[in-house]
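So the chains spell out like this:
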Amino acid sequence: MSTVTLKKLKKIYEGGFEAVHAFDLDIADKEFIVLVGPSGCGKSTTLRMIAGLEEISEGELYIGEKLVNDVEPKDRDIAMVFQSYALYPHMTVYDNMAFALKLRKLPKEEIDAKVQEAARILEITELLDRKPKALSGGQRQRVAIGRAIVREPQVFLMDEPLSNLDAKLRNAMRAEIIKLRQRIDTTFIYVTHDQTEAMTLGDRIVIMKDGWVMQIGTPQEVFDHPANLFVATFIGAPQMNLFDAKLVKNGDAYAVEVGGATVALTAEQNAKLAANGVGTMDIKMGIRPEHIQLKAEGADVIQGTVDVSEMMGSQIHLHVNAAGKDIILIVQTADLDKEHRAGFAFGSQIGFTFRADLVHLFNPETEKNLI
């Protein structure tokens, strides 16, 4: 069983700086978990504690139900892929991949079989006789992954493995990792600062900030139901628009007043707000750019002025000044009349609205989602 369990894991450095605070996580066998967050949030430190490269200050770490706090890295049955590839420049691809197996003194035939199989999976068989300097960045990363595969570890650890690649290669390698995961049944723990990688790769993602876990959930869960303002603005590109708004309770019904518009909330939202004891209050209201619709007039319409119109082909990204905020709308060009299909002129006046079930309501003081 390749389960990994973190119980109140902490990392405290000399001087008292706490890089990771009471990290709790149960990772299931064969699950792909992604730790994501901005630089300095503690995600790589957490991964290095799992690998045994950083000492655990407090808490317990279990791999396959075995407590491994004091177990040497080489005895944890894990394999790690680094951002820097960390290949031996004087060795061929074959020897790089076989090195750890030779140290274990495995039979030559077994080593060859494992290396050839990993090379086949990663489609690098024709590169086995080359040295790293003759490879592209994407090829080197495949070799680094292949070196981990041959060890057949319980757990794969990956620390920003794609961050040194250009955008096109990064997209290609992301697809390769998805295919790889389908071919080899084991547990993956993957660290990245790139929310696109997190959303496309992870069965669940762990969003971190300043050493704290902000939210754990499937990509869809954290996108649809962000726990707080940080998660709401971190996940999604372009990021969620935020408005200063007022939540108004009238009897059992709630509505949001924002930018001169009033939007009545749904029965489901009403029930959740009432269950949480929420009354009339000032709030931060969030709405994603892709969830906004153009509308000329009505009680639920906010008026705005176009600052920038970016033609993206099938979409137009409109940067609009509305309700005292700079916001972004994503409009499908197919939905526009011929006059605006190529964009909107600077200074154009537009109206827009949104579905009530797609808004996110946050307490401006605690920053927590009210629903």
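The coordinates are above.
Just so it is clear, the model here is predicted, and its values are computed rather than measured.

Cut-offs and rules
Residues numbered from 1 in each chain as written. Predicted model: local features only at pLDDT ≥ 70, side-chain atom pairs only at ≥ 80, totals over all residues. Heavy atoms only, no water. Helix = DSSP H or I, 4+ residues; strand = E, 2+ residues; numbered from the N terminus. Buried < 20%, exposed > 50% of the residue type's maximum accessible area, 1.4 Å probe, protein only. Contact = heavy atoms within 4.5 Å. Lys, Arg positive; Asp, Glu negative; His and termini not counted. Charge placed at Lys NZ, Arg CZ, Asp CG, Glu CD. Expected span 1.5 Å × (residues − 1). Arc of directions from axis to C-beta. Pairing = 2+ DSSP bridges. Axes fitted to C-alpha atoms, helices over the stretch in contact; angles between N-to-C directions. Phe/Tyr/Trp six-rings, centres within 6.5 Å; stacked < 30°, edge-to-face > 60°. Lys NZ or Arg CZ within 6 Å of the ring centre and 35° of its normal. Salt bridge = Lys/Arg side-chain N within 4 Å of Asp/Glu carboxyl O. Parallel < 35°, antiparallel > 145°, perpendicular 65-115°, else oblique. Left-handed = near helix turned anticlockwise from the far one by under 90°. Nonpolar A, V, L, I, M, F, W, Y, C, P; charged D, E, K, R; others polar.

**Student:** I tried to follow the overall build of the chain on my own but got confused; where do I start?
**Tutor:** When helices and strands are counted, the chain shows nine helices and 20 strands. A burial count over the chain gives 49% of its 371 residues as buried. Long-range contacts, defined here as pairs at least 24 residues apart, represent 66% of the contacts in the chain between residues at least 6 apart. Positive and negative side-chain charges of the chain, numbering 42 and 52 respectively, have mean locations separated by a distance of 6 Å.

**Student:** Hey, could you run me through helix α5 (residues 167-183) in this one?
**Tutor:** A turn of α-helix holds 3.6 residues, and therefore any two residues three or four places apart point the same way. For α5, with 17 residues, the first-to-last C-alpha span of 25 Å sits near the 24 Å given by 1.5 Å per residue. Along α5, the positions that sit buried rather than exposed are Met 173, Arg 174, Glu 176, Ile 177 and Leu 180. The buried residues of α5 occupy an angular sector of 165° when the element is viewed end-on, so they sit on one face. The exposed set on the far side of α5, more than 90 degrees from its buried face, consists of Lys 168 and Gln 182. Against β3 (32-36), α3 (108-122), α4 (137-149), β7 (155-159), β8 (187-192) and α6 (195-201) lie the buried residues of α5.

**Student:** What is the right way to look at the sheet that holds strand β14 (residues 281-287) in this model?
**Tutor:** Across a sheet, strands are paired by hydrogen bonds formed along the backbone, either parallel or antiparallel in direction. With antiparallel pairing, the five strands of this open sheet are ordered in space as β13-β12-β11-β14-β20. Looking at the sheet topology across the chains shown, the edges are occupied by β13 (261-264) and β20 (360-362). The sheet shows a mean angle of 40° between the axes of neighbouring strands, taken without regard to direction. Where β14 lies against β20, three bridges are found, and the strand directions are antiparallel. Bridge pairing in β20 places Lys 284 opposite Phe 362. Seen against the sheet, helix α9 (residues 267-275) touches β11 (241-250), β12 (253-258) and β20 and runs at an angle of roughly 100° to β12.

**Student:** I tried to follow the pairing of strand β9 (residues 204-209) on my own but got confused; where do I start?
**Tutor:** On any regular strand, side chains alternate: one points to one face of the sheet, the next to the other face. Pairing analysis gives four bridges linking β3 to β9, with the strands arranged parallel. Residue Ile 33 lies in a different strand from β9, and its bridge partner there is Arg 204. Sheet topology note: the β9/strand β10 (residues 212-217) ladder contains five bridges and is antiparallel. Note that in β10 the partner of Met 208 across the bridge is Val 213. From the end of β9 to the start of β10, which pair antiparallel, there are two residues, and Asp 210 there has a positive phi angle of about 50°.

**Student:** Before we go on, may I ask you to explain the packing of aromatic side chains in this structure?
**Tutor:** Enumeration according to the criterion identifies six aromatic pairs in this entry. Ring centres 5.9 Å apart and planes at 40° place the aromatic pair Phe 32 and Tyr 190 in the tilted group. Of this pair, Phe 32 sits in strand β3 while Tyr 190 sits in strand β8, and the two are 158 residues apart along the sequence. The rings of Phe 32, Phe 156, Phe 188 and Tyr 190 are connected pair by pair, giving a single aromatic cluster. Above the face of the Phe 223 ring, Arg 288 is positioned so that its terminal group lies 4.0 Å from the ring centre.

**Student:** What exactly am I supposed to notice about the pattern of salt bridges here?
**Tutor:** Side chains that differ in sign of charge can pair as their charged atoms come close. In this structure the tally under the stated criterion is 21 salt bridges. Arg 48 is the salt-bridge partner of Glu 54, the closest N and O atoms lying 3.8 Å from each other. Of the residues examined, Glu 54 reaches a relative accessible area of 18% and is grouped as buried. Arg 48 sits in the partly exposed class, given a relative accessible area of 28%. For the salt bridge of Lys 295 with Asp 300, the shortest nitrogen-to-oxygen distance reads 3.0 Å.

**Student:** Please clarify how the sheet that holds strand β1 (residues 4-12) should be interpreted in this entry.
**Tutor:** Spatial strand order, β2-β1-β4-β5: four strands in an open sheet with antiparallel pairing. Bordering the open sheet on either side are β2 (18-27) and β5 (66-67), each of which pairs with just one other strand. When β1 meets β2, the two strands line up antiparallel, connected through six bridges. The partner of Ile 12 across the bridge, within β2, is Glu 18. Packed onto the sheet, helix α1 (residues 43-51) meets β1, β2 and β4 (58-63) and runs at close to 115° relative to β1.

**Student:** Would you take a moment to explain the packing of helix α2 (residues 93-103) against α3 for this structure?
**Tutor:** Where α2 contacts α3, the axes come no closer than 10 Å and their chain directions differ by 135°. Relative to α3, α2 is oriented oblique. When you trace α2 past α3, the crossing you get is right-handed. Packed against α2, whose contacting residues are Tyr 94, Met 97, Ala 98, Leu 101 and Lys 102, the element α3 presents Ile 111, Asp 112, Lys 114, Val 115, Gln 116, Ala 118 and Ala 119 at the interface. Broken down by class, the residue content of the contact of α2 with α3 amounts to eight nonpolar, one polar and three charged.

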